[in-house]
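Listed here are the chains, written in short residue letters.
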Amino acid sequence: MDGTSPPAAQATPYPDSYYAASRNPAPPRPRLEGRHSVDVCVVGGGYSGLSTAITLLERGHSVTLLEGAKIGWGASGRNGGQIVNGLNAGLDVFERRFGRDVAARVAKLVLEGGDLIRERVARYDIRCDLKDGNVFAAFNARHMRGLEAKRDLWASHGLTNLEMLDRAGMRAHADTDLYCGGMIDTRGGHMHPLNLALGEAVAVERLGGTIHEDSPVILAEPERARPLVRTAHGEIEARTLVLCGNAYLKGVVPGLEWRVMPVSTQVMATAPLGQDLARALMPSDTCVEDVRYILDYYRMSADHRLLFGGGTVYGGTDPRDIKRKLVASMRKVFPALAGTAIDHAWSGNFALSFLRVPQMGRLGASTYFAHGYSGHGVTGSHLFGRILGEAISGDLGRFDMFAGLPWLPFPGGRTFRVPYSVLGSWWYATRDRLGV
Ligand SMILES: Cc1cc2nc3c(=O)[nH]c(=O)nc-3n(C[C@H](O)[C@H](O)[C@H](O)COP(=O)(O)OP(=O)(O)OC[C@H]3O[C@@H](n4cnc5c(N)ncnc54)[C@H](O)[C@@H]3O)c2cc1C
């Protein structure tokens, strides 16, 4: 298996990552066997599926969750661990595309995903090294103007968690010459992403839910009155089906495949740096991402490794030499780490939507889906899972707003969407390089 497609029917291990190597113990979860009829079936054991399941279980539903590999095997167990508030597309995009009312409603919920993570970590006692603060780093005056505009727009909606940083303020978070300033979101944060997912899975089970791992859905009939999914060894007919396979669902539900494009991004973990060096490089222990179109993102782990991520590959393939690609970027940020050993390097896929607006909706009368967080989905997937859970419980207000937003397919269709996207990103990356 190449790590980019839904796993085959046999047991599928985690990809080699720092997170897999430092994960909390988890109970074995059997694969699906035989025919079952259930209330709600959720496909996908990432944050979207887990958050939907927890919301429903807390409201008294019974839930069976099918995961093709292991809990958190997809993006949720591989990501940068950065709790970034918002829905990727900025409030300005919501305002421009969908009007001031929609933007105002979105503004009311941009902090909810991060709050939900904190609530669940506290309520279900999840050990995932949760910390506060995330910082956006700027290379030039144009970047700073963009951050100021975002801060002002959020403030106009009553959101006061964004604070500008001058050059010296930025150095208090990342000790590098690279940036001219930045902005901190005091309500952002970071955590061990796989341990968050594993803790949420334990919460699902504690609430009475059932989880089957190594149970990839190979056939789905979402439009039936009672939707049906089939795995190699079993079948589930459900009153309600929820599809949360995101970038890894691929062709299993053709109606969803062309709404989003899989894109890979990579992360590596250095050897432990020791507390002194870790604190010298990142004194505040927040996480940092820069604001370029193709960005770097990094933070320290609880055991003082630098976890450094970056780059994107449209179409979702893995680059041949992840370390080489990332080490070059890491050295530009922290030249002192030039000779540091890299213990782990891995790749994962997120689902990109053309407008960078995550999507949710319904197929037929009884199948729901959410996907397309476009690389910033730690908070969005938690929020969307909650909104799906509300909708299935009969509270449709927020679901209807998102489900009603028009979405655009990627230009170029099946053959050309990847090269067109590469061209577009080259254009934006060039603007970043030139500072215009
Ligand atoms: C390397 C990387 C770094 C990232 N860094 C950040 C970050 O720092 N901050 C941030 O906000 N966002 C980040 N993201 C994005 C974020 O991780 C995702 O948006 C989020 O985790 C999506 O959650 P999900 O549950 O929708 O999808 P996933 O976590 O991908 O979960 C989907 C699950 O569905 C399962 N599945 C798929 N098909 C089937 C099937 N047929 N049958 C059964 N199961 C199936 C998969 O095995 C998978 O476990 C990053 C993404 C990647 C890949």
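What you see is a predicted model; the values in this text were computed from it and never measured.

**Regarding helix α4 (residues 100-107)**
Taken together, the buried positions of α4 are Val-102, Ala-103, Val-106 and Ala-107. Buried residues of α4 fall within an arc of 140° about the axis and therefore sit on the same side.

**Quick notes on the environment of Gly-182**
Along the polypeptide, Gly-182 turns up in strand β6 (residues 181-190). Take Gly-182: its relative accessible area is 0%, and that puts it in the buried class. Between the C-alpha atom of Gly-182 and that of Asp-276, which follows or precedes it by 94 residues, the distance is 24 Å. With residues up to four places along the chain from it excluded, the contact list for Gly-182 reads Phe-136, Ala-137, Ala-138, Met-144, Leu-147, Glu-163, Met-164, Leu-165 and Met-170.

**Topic: the packing of aromatic side chains**
Under the defined criterion, the tally for this structure stands at eleven aromatic pairs. Aromatic side chains Tyr-298 and Phe-334 sit 5.5 Å apart centroid to centroid with 80° between the ring planes, which places their arrangement in the edge-to-face category. Of this pair, Tyr-298 sits in strand β13 (residues 296-300) while Phe-334 is found in the loop between α11 (322-333) and β15 (342-353), placing the two residues 36 residues apart along the sequence. On the accessibility criterion, Tyr-298 (0% relative accessible area) is buried. What makes Phe-334 buried here is its relative accessible area of 1%. Ring centres 5.3 Å apart and planes at 65° place the aromatic pair Tyr-368 and Phe-399 in the edge-to-face group. With Tyr-368 in strand β17 (residues 367-371) and Phe-399 in helix α13 (residues 397-403), the pair connects residues that are 31 residues apart, well separated along the chain. Considered together, Tyr-368 and Phe-399 belong to a single accessibility category, that of buried residues. Members of the aromatic cluster, connected to one another through ring pairs, are Tyr-18, Tyr-19 and Trp-346. If you follow Arg-78 out to its NZ or CZ, it ends over the ring of Trp-73, 4.6 Å from the centre.

**Some details on the UniProt feature "domain: FAD dependent oxidoreductase" (unreviewed entry) in the chain**
In this structure's numbering, the residues bearing the UniProt feature "domain: FAD dependent oxidoreductase" (unreviewed entry) are residues 39-390. The span residues 39-390 is 32% helical and 29% strand by assignment, and the distance between its end C-alpha atoms comes to 15 Å.

**Regarding the site of the ligand**
Of all residues adjacent to the ligand, which total 39 residues, the nearest are Ser-48, Glu-67, Ser-76, Gln-82 and Val-217. Contact distances for the ligand include 2.6 Å between an oxygen atom and a side-chain N or O atom of Glu-67. At 2.5 Å, a side-chain N or O of Ser-76 approaches an oxygen atom of the ligand. Relative to its free-state accessible area of 1000 Å², the ligand is covered by the protein chains to the extent of 99%. Looking at the shell around the ligand, the elements that each hand over two or more residues are α2 (47-58), β11 (260-270), β15 and α12 (378-392). If one sorts the elements of the shell around the ligand by residue count, β15 sits on top with three residues.

**What about the pattern of salt bridges?**
All chains considered together, the criterion is met by 30 salt bridges. Between Glu-33 and Arg-31 there is a salt bridge, and its shortest N-O distance comes to 2.8 Å. For Glu-33, a relative accessible area of 44% corresponds to the partly exposed category. Arg-31 sits in the partly exposed class, given a relative accessible area of 33%. Across the salt bridge formed by Arg-398 and Glu-112, the nearest N and O atoms sit 2.7 Å from each other. Linking Arg-398 in helix α13 with Glu-112 in helix α5 (residues 112-123), this pair joins segments that are 286 residues apart in sequence. Counted as one network, the salt bridges with shared partners bring together Glu-58, Glu-112, Glu-119, Arg-123, Arg-386, Glu-390 and Arg-398.

The rules behind these values
- Residues numbered from 1 in each chain as written.
- Predicted model: local features only at pLDDT ≥ 70, side-chain atom pairs only at ≥ 80, totals over all residues.
- Heavy atoms only, no water.
- Buried < 20%, exposed > 50% of the residue type's maximum accessible area, 1.4 Å probe, protein only.
- Helix = DSSP H or I, 4+ residues; strand = E, 2+ residues; numbered from the N terminus.
- Arc of directions from axis to C-beta.
- Contact = heavy atoms within 4.5 Å.
- Phe/Tyr/Trp six-rings, centres within 6.5 Å; stacked < 30°, edge-to-face > 60°.
- Lys NZ or Arg CZ within 6 Å of the ring centre and 35° of its normal.
- UniProt positions renumbered as here; feature names shortened; annotations may be inferred.
- Near = heavy atom within 4 Å.
- Polar contact = N/O pair within 3.5 Å; in protein donor to acceptor, adjacent residues only side chain to side chain.
- Areas by Shrake-Rupley, 256 points an atom, 1.4 Å probe, with all protein chains shown as cover.
- Salt bridge = Lys/Arg side-chain N within 4 Å of Asp/Glu carboxyl O.

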